[in-house]
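# Report on the structure
One letter stands for each residue in the lines below.
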Amino acid sequence: MNRRDFVRLGCATVIAAGAGKLPLALAQPLSPRQVPSPPQRPMVALSEPHAAGGAANFTLQIAPMMIELAPQVVISTIGYSNKVPGPLLRVREGQRVTVDVVNNTDVPEYVHWHGLFVPSEVDGAEEEGTPPVPPHGRRSYQFVAKPAGSRWYHSHTMAMMDLHRGSYTGQFGFLMIDSANDPGLYDQEVFLALREWEYFLSTMDQDEMPPDPNDPMPEKLATPDPRPNGLEVSAPLYSINDKMLGAGDPLRVQSGQRILMHLLNASASQIHRVALPGHKFQVIALDGSPVPLPQLVSVIEIAPGERVDAIVEMNQPGVWILGELRDAARTSGMGIVVEYANQKQQRAIWLPPPNARWDYTIFGKTAPHPAPDETIDMVFEKVPGGPHGINHWLVNGKEYPHEREFVFRQGGRYRLVFHNRTDDSHPLHMHRHLFELVELNGKPTAGIKKDTVIVPAFGRATVDLVADQPGLTLFHCHIQQHMDFGFMALFSYA
Ligand SMILES: [Cu+2]
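Source: prediction; values computed, not measured.

### With respect to the overall build of the chain
When helices and strands are tallied, the chain shows four helices and 33 strands. Out of the 494 residues belonging to the chain, those deemed buried represent 59%. Restricting to contacts in the chain with at least 6 residues of sequence separation, those with at least 24 account for 79%. When the accessible surface of the chain is summed, it comes to about 19,300 Å², and 54% of that surface belongs to carbon and sulfur atoms.

Below, the structure is given as structure tokens:
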């Protein structure tokens, strides 16, 4: 069965028509204005529900919902407050935040505040001891908003074989923590979440970008694993926010504008690469932290859990497709039309970008790192086609849980070395902390602070972290199936 058949199959199973047009959440640009115009931070329309006074109070309602991805393509999922992405939660750094979560489903839920420094009991991870939002019950999450930058929130339940739970659902949204120091050098701000829908199990590998033969692959096995690969998660439908390419309103821009794009990969399973023909992205922040050296790139690669903030100068009037590089993903929905003023009549154009590899280290500086107090090696391996025919994952030879093998001493400086001895790339996420990238496949770097890092197939990444957030801390691959089947570790403080 080829991909076109998958798409047909996917479309055939959805509930067609009759559902009416659902409100467009985030795709429209804010306040288009004449250029040139003084830079200004647009704060309208997206901040519902509002942050008011000294504290910010929000309510999120977890409930089943429908999404009209395109005319005749309506899917059923679970979302926050009947929106996908959920409501934009926008707060100031240091602000006290209360989020009342009402769970209108039959199962316990956890809302994880991804990239925030919050205590374990608030973080939204069962493994850290956060209490659940009970089925048909409610729970209030209270925290101080820090650090500043592009954060997000999402379900952190285990899904296992149920592809209608956890991050397979529409339970995700943007959480912006505004810094008092943001120069605001842009004319429009847009929020773009990359997603797939209607996940299913398959042996087909959807990541069609083969490893670069020039990659050093320092962790490559001496003899390849002969066992056949197990089932992985695939999807037939793709979208940006809640719309497939061409189905939603275009991003309306004007020549000369600077557009700040907040990209989020809210996928449960896939790394994505996006481009906008004729334009370059000036990457200014990774996972919400400003990078030492903002750089212009033609392609952004972004893994599940990651965020990229980039400014695009609108200097090629026309109608373009901002989309996934893989034709299959783009034509199945992962794209959005970018339309300059007075260019409506034209057809949206896609052109493959120049061949370029994503490399975090170009955004870093060269600087020595203070010597760590301790180095912790973490080796990741795959057990192909284990129980249920699913791939299982080992951290230092064991599936989760481990026996207090990963212990921080408060105030200690740790160097974590991630050895990826598998043929897949994995986005590795550390809860409640930021780490600094030290080395990727032998290339040194400094100053890049992240909470999620892609370790390429048979690759190695080294990160430094100061243990300054006491409490249980979950570490895992952000691909839901990998996390569910062993790819997780719990750090504790001594
Ligand atoms: Cu993984």
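### Some thoughts on the sheet that holds strand S3 (residues 89-92)
Read across the open sheet, the four strands follow the order S3-S8-S7-S5; overall the sheet is mixed. Each end of this open sheet is capped by a strand with a single partner; those strands are S3 and strand S5 (111-114). Direction aside, neighbouring strands of the sheet carry axes that sit 20° apart on average. As paired strands, S3 and strand S8 (residues 172-178) are joined by four bridges and run parallel to one another. What sits directly across from leucine 89, in S8, is leucine 175.

### Concerning the layout of surface pockets
If a probe as big as a water molecule is rolled over the atoms, it shows which places are left empty. In this model, the second largest pocket occupies a volume close to 550 Å³. As for the second largest pocket, its lining consists of 31 residues, of which Asp182, Ile284, Ala285, Pro290 and Asp309 are closest to the centre. For the lining of the second largest pocket, the elements supplying multiple residues, two or more each, are strand S7 (149-155), S8, strand S14 (258-265), strand S16 (281-286), strand S17 (289-297) and strand S19 (307-313). Top contributing element to the lining of the second largest pocket by residue count: S17, with four residues.

### Focus on the packing of aromatic side chains
All told, the structure shown has 20 aromatic pairs when counted by the stated rule. Geometrically, the ring pair formed by phenylalanine 174 and phenylalanine 191 is edge-to-face, given 5.1 Å between the ring centres and 70° between the ring planes. Of this pair, phenylalanine 174 sits in strand S8 while phenylalanine 191 sits in strand S9 (residues 188-197), placing them 17 residues apart in sequence. Neither phenylalanine 174 nor phenylalanine 191 differs from the other in exposure class; each is buried. In this structure an aromatic cluster arises from ring pairing among Phe380, Trp393, Phe406, Phe408, Tyr414, Phe418, Phe435, Phe475, Phe487, Phe491 and Tyr493. Above the plane of the ring of tyrosine 141 lies arginine 139, whose end atom (NZ or CZ) is 5.8 Å from the centre. Of note, arginine 195 hangs over the ring of tryptophan 197, and the distance from its end group to the ring centre comes to 4.2 Å.

### Side note on the pairing of S9
Along S9, 10 of the 10 residues are buried, which leaves the element largely enclosed by surrounding structure. Alternating residues of S9 divide into Gln188, Val190, Leu192, Leu194 and Glu196 and Glu189, Phe191, Ala193, Arg195 and Trp197, and every residue in both groups is buried. In the sheet, S9 pairs with S14 via seven bridges, with the strands oriented parallel. Note on S14: the bridge partner recorded for alanine 193 is leucine 264. Direction of pairing for S9 relative to strand S12 (residues 237-240): antiparallel, over a ladder of four bridges. What sits directly across from arginine 195, in S12, is serine 239.

### Focus: the coordination of the copper ion
The copper ion binds to the protein through His426 (ND1), Cys477 (SG) and His482 (ND1), with metal-donor distances spanning 2.0 to 2.1 Å. Site description for the copper ion: donor spacing in sequence, H-x50-C-x4-H. Taken together, the positions of histidine 426 in strand S26 (residues 426-430) and histidine 482 in helix H4 (residues 480-484) put the pair 56 residues apart, joining distant regions of the chain. The pair formed by histidine 426 and histidine 482 is uniform in burial state, with each residue classed as buried.

### Focus on the pattern of salt bridges
Pairing of side chains with opposite charge becomes possible as their charged atoms draw close. What the rule picks out here adds up to 21 salt bridges. The salt bridge partner of lysine 382 is aspartate 423, with a shortest N-O separation of 2.9 Å. With a gap of 41 residues between them, lysine 382 in strand S22 (residues 374-383) and aspartate 423 in the loop between strand S25 (413-420) and S26 connect regions that are remote in the sequence. What makes lysine 382 buried here is its relative accessible area of 11%. Between lysine 382 and aspartate 424 there is a salt bridge; the shortest N-O distance is 3.2 Å. With a gap of 42 residues between them, lysine 382 in strand S22 and aspartate 424 in the loop between S25 and S26 connect regions that are remote in the sequence. Just as lysine 382 is buried, aspartate 424 falls in that class too. Among the charged side chains, a network of salt bridges with common partners joins Arg151, Asp287, Glu306, Arg307, Lys450 and Asp451.

Here is what the cut-offs are and how they apply
- Residues numbered from 1 in each chain as written.
- Predicted model: local features only at pLDDT ≥ 70, side-chain atom pairs only at ≥ 80, totals over all residues.
- Heavy atoms only, no water.
- Helix = DSSP H or I, 4+ residues; strand = E, 2+ residues; numbered from the N terminus.
- Buried < 20%, exposed > 50% of the residue type's maximum accessible area, 1.4 Å probe, protein only.
- Contact = heavy atoms within 4.5 Å.
- Areas by Shrake-Rupley, 256 points an atom, 1.4 Å probe, with all protein chains shown as cover.
- Pairing = 2+ DSSP bridges.
- Axes fitted to C-alpha atoms, helices over the stretch in contact; angles between N-to-C directions.
- 1 Å grid on protein atoms, 1.4 Å probe; cavity = no way out; pocket = protein on both sides within 12 Å on 5 of 7 lines; lining within 4 Å.
- Points joined across faces, edges and corners; volume = space filled by probe spheres on them.
- Phe/Tyr/Trp six-rings, centres within 6.5 Å; stacked < 30°, edge-to-face > 60°.
- Lys NZ or Arg CZ within 6 Å of the ring centre and 35° of its normal.
- Donors = N, O, S within 2.8 Å, 3.2 Å for Na, K, Ca; no water.
- Salt bridge = Lys/Arg side-chain N within 4 Å of Asp/Glu carboxyl O.

Functional significance is not addressed by these values, which are geometric in nature.
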